[in-house]
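# A structural walkthrough
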Amino acid sequence: MERKQFLKSLGASAAFAIAFPCLHGCSSDNDEETEGNTPIPTGIDFTIDLDEPANAKLADNGGFVLKNLVVIARNLEGEFVAASQVCSHQGYEEVRFVDSDGGIFYCDVHGSRFEQNGAPLNQVDGATAKTLKIFKTELTGTMLRIYE
Ligand code: FES
């Protein structure tokens, strides 16, 4: 059976799925996946409005948002914390806030885990990662400032 006949026998939807398997993206659910070696963000000083829909995840303890290569999180005690989204291990922009171990920063590229003060919690590749860069936060009304 020739390819054309084969696709015809499958029907239009199956043929479409075979012909365009990556139409909706072949990557993971993280659109910000990088190649590593991204510089650690510097000169950070910006403000976000907690009332904006884009920041709605910060209404819940354990929620976080990403902005300007910074992970802004509401920890499990309801306090705002912020860290570099760029991992101190190999510079991938994959650091996120996770609610395990009382709330930590975690990079799933090689599994580095960091306390909320940036201190590394584990070894990766036989070595302890460097401290994760942490930023200060200041809440005024619904405006949250993230700065160094
Ligand atoms: S780059 Fe984050 S654990 Fe390796």
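Counting starts from 1 at the beginning of each chain's written sequence and moves along it residue by residue. Per-residue local features of the predicted model are confined to residues with pLDDT of at least 70, and side-chain atom pairs are confined, for both listing and counting, to 80 or more; whole-chain, interface and lining totals are unaffected and use all residues. Calculation of side-chain values draws on the structure's entire complement of heavy atoms; hydrogens and water are dropped beforehand.

## So, the overall build of the chain
Formally: The way it works is that DSSP assigns letters per residue, a run of H or I at least four long becomes a helix, a run of E at least two long becomes a strand, and they are numbered from the N terminus. Categorising residues by exposure relies on relative accessible area from a 1.4 Å probe, with only protein chains included: less than 20% of the type maximum marks a residue as buried, more than 50% marks it as exposed, and the intermediate range marks it as partly exposed. Residues count as neighbours in contact if any of their non-hydrogen atoms are within 4.5 Å of one another. Accessible surface area values rest on a Shrake-Rupley calculation with a 1.4 Å probe, where residue burial reflects the displayed protein chains alone.
Across its full length, the chain carries two helices and 11 strands. Within the chain, buried positions represent 34% of all 148 residues. The long-range share in the chain, meaning contacts at least 24 apart out of those at least 6 apart in sequence, stands at 43%. Accessible area for the chain stands at about 8,900 Å²; split by element, carbon and sulfur atoms hold 50% of it.

## Some points on the pattern of salt bridges
The condition is simple: Take a side-chain nitrogen of Lys or Arg and a carboxyl oxygen of Asp or Glu: if they are within 4 Å of each other, that pair is a salt bridge.
Following the criterion strictly, the structure yields four salt bridges and no others. Put simply, Arg113 and Asp101 hold a salt bridge, and the shortest N to O gap is 2.2 Å. With Arg113 in strand E7 (residues 112–114) and Asp101 in the loop between strand E5 (95–98) and strand E6 (104–107), this residue pair connects regions lying 12 residues apart in the sequence. Here Glu148 makes a salt bridge to Lys133, at a shortest N to O gap of 3.1 Å. Placement of the pair is Glu148 in the segment after strand E11 (143–147) and Lys133 in the loop between strand E9 (127–128) and strand E10 (134–140), with a sequence separation of 15 residues.

## Here we look at the sheet that holds E7
Stated precisely, the cut-off is as follows: Whether two strands pair depends on DSSP finding at least two bridges between them. Angular values range over 0 to 180 degrees, each being the angle between N-to-C directions of two axes fitted as lines to C-alpha atoms, with helices fitted over their stretch in contact.
Pairing in this open sheet of three strands is antiparallel, and the strands run E5-E6-E7 from one edge to the other. Whereas interior strands pair on both sides, the edge strands pair on one side only; in this sheet they are E5 and E7. For this sheet, the mean inter-axis angle between neighbouring strands, taken without regard to orientation, is 30 degrees. With four bridges connecting them, E5 and E6 associate as antiparallel partners. Bridge pairing in E6 places Arg96 opposite Tyr106.

## A few points about the pairing of E10
Examined bridge by bridge, strand E4 (residues 80–84) and E10 share two bridges and lie antiparallel to one another. Bridge pairing in E10 links Ala82 to Phe135. By the bridge criterion, five bridges tie E10 to E11 in an arrangement that is antiparallel. The partner of Leu139 across the bridge, within E11, is Leu144. Hairpin connection, E10 to E11: the antiparallel pair is bridged by two residues, and Gly141 has positive phi, about 65 degrees.

## Observations concerning the packing of aromatic side chains
The following threshold applies: Between 30 and 60 degrees the pair is tilted, below 30 it is stacked and above 60 it is edge-to-face, where a pair is any two Phe, Tyr or Trp rings, Trp via its six-membered ring, whose centres lie within 6.5 Å. A positively charged side chain is recorded as over a ring if its NZ (Lys) or CZ (Arg) lies within 6 Å of the ring centre. The angle to the ring normal must also be within 35 degrees.
Scanning the model with the defined rule gives one aromatic pair in all. Seen from their ring centres, Phe97 and Phe105 are 5.5 Å apart, and the 75 degrees between their planes marks the pair as edge-to-face. Each member of the pair Phe97 and Phe105 is classed as buried. A cation over a ring is seen here: Arg145 above Tyr147, with NZ or CZ 4.0 Å from the ring centre.

## Looking at the side chain of Asn122
Going by this rule: In the analysis that follows, any N or O atom pair within 3.5 Å is treated as a polar contact, provided that within protein one partner can donate a hydrogen and the other can accept it, and provided that, for residues neighboring in sequence, both atoms belong to side chains.
By secondary structure assignment, the location of Asn122 is in the loop between E7 and strand E8 (123–124). Only 2.8 Å separates the side chain of Asn122 from the backbone oxygen of Gly111, close enough to count as a polar contact. Here Arg113 takes part through its backbone nitrogen, which lies 2.9 Å from a polar atom of the side chain of Asn122. Here Asn122 is in contact with Gly111, Ser112, Arg113, Thr128 and Ala129, once residues within four sequence places are set aside.

## Quick notes on the sheet that holds strand E3 (residues 70–74)
With antiparallel pairing, six strands are arranged side by side in an open sheet as E1-E11-E10-E4-E3-E2. With one partner strand each, in any of the chains shown, strand E1 (45–49) and strand E2 (64–67) form the two edges of the open sheet. Across the sheet, the mean angle separating the axes of adjacent strands is 25 degrees when strand polarity is ignored. Bridging between E1 and E11 involves five bridges; their strand directions are antiparallel. What sits directly across from Thr47, in E11, is Arg145.

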